[in-house]
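For reference, the chains in residue letters:
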Amino acid sequence: MRLQVPLTMIVGAYDQLLVQPMTELAALLNCRLEIIADAGHLPQIDRPDEIDAVIERLLQEVARSE
């Protein structure tokens, strides 16, 4: 059995190490990639309100699809 769940990856726009590989991985996995503006390697520290908004939108979408 394979579990089917939506996947959203989050990366800071200024994270020079992860933006490119996560963009490629998101395309490979056919999942959503949220790039947080004005954030670096730790977007949850740099922009916590933006991270919260992304998570809230995702949860609302999942709840609507049930």
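For the structure given in this document, a descriptive report is provided here. These numbers come from a predicted model, not from an experiment.

## A short note on the nonpolar core
Phase 1 of the analysis: If you look at the biggest cluster of nonpolar residues, it comprises five residues: Met 9, Val 11, Met 22, Ala 26 and Cys 31.
Phase 2 of the analysis: For this core, the secondary structure elements donating two or more residues are strand S1 (8-12) and helix H1 (19-29).
Phase 3 of the analysis: Apart from the residues lying within four places of it in its own chain, the contact partners of Met 9 are Met 22, Leu 25, Ala 26, Cys 31, Arg 32, Leu 33 and Glu 34.

## A closer look at the pattern of salt bridges
Phase 1 of the analysis: One pass over the full model with this rule turns up three salt bridges.
Phase 2 of the analysis: Glu 61 is the salt-bridge partner of Arg 32, the closest N and O atoms lying 2.6 Å from each other. You can see Arg 32 sitting in strand S2 (residues 32-36) and its partner Glu 61 sitting in helix H3 (residues 48-65), a full 29 residues away along the chain.
Phase 3 of the analysis: Classification of Arg 32 as partly exposed rests on a relative accessible area of 31%.
Phase 4 of the analysis: Arg 57 serves as the salt-bridge partner of Glu 34, at 3.6 Å between the closest nitrogen and oxygen. Taken as a pair, Glu 34 in strand S2 and Arg 57 in helix H3 lie far apart in primary sequence, 23 residues in all.
Phase 5 of the analysis: Residue classification places Arg 57 among the partly exposed residues on the basis of a relative accessible area of 38%.

## So, unusual backbone geometry
For residues other than glycine, phi is negative in most cases, and the peptide bonds are mostly trans.
Phase 1 of the analysis: Residues other than glycine seldom take positive phi values, yet Asn 30 does so here, at roughly 55 degrees.
Phase 2 of the analysis: Mapped onto the elements of the fold, Asn 30 is located in the loop between H1 and S2.
Phase 3 of the analysis: A positive phi angle is found at Asp 38, which is not glycine, with a value near 60 degrees.
Phase 4 of the analysis: Turning to its location among the elements, Asp 38 is positioned in the loop between S2 and helix H2 (43-46).
Phase 5 of the analysis: On the basis of relative accessibility, which here comes to 45%, the residue Asp 38 falls in the partly exposed class.

Conventions and cut-offs
- Residues numbered from 1 in each chain as written.
- Predicted model: local features only at pLDDT ≥ 70, side-chain atom pairs only at ≥ 80, totals over all residues.
- Heavy atoms only, no water.
- Core = buried A, V, L, I, M, F, W, Y, C linked by side-chain atoms within 4.5 Å.
- Buried < 20%, exposed > 50% of the residue type's maximum accessible area, 1.4 Å probe, protein only.
- Helix = DSSP H or I, 4+ residues; strand = E, 2+ residues; numbered from the N terminus.
- Contact = heavy atoms within 4.5 Å.
- Salt bridge = Lys/Arg side-chain N within 4 Å of Asp/Glu carboxyl O.

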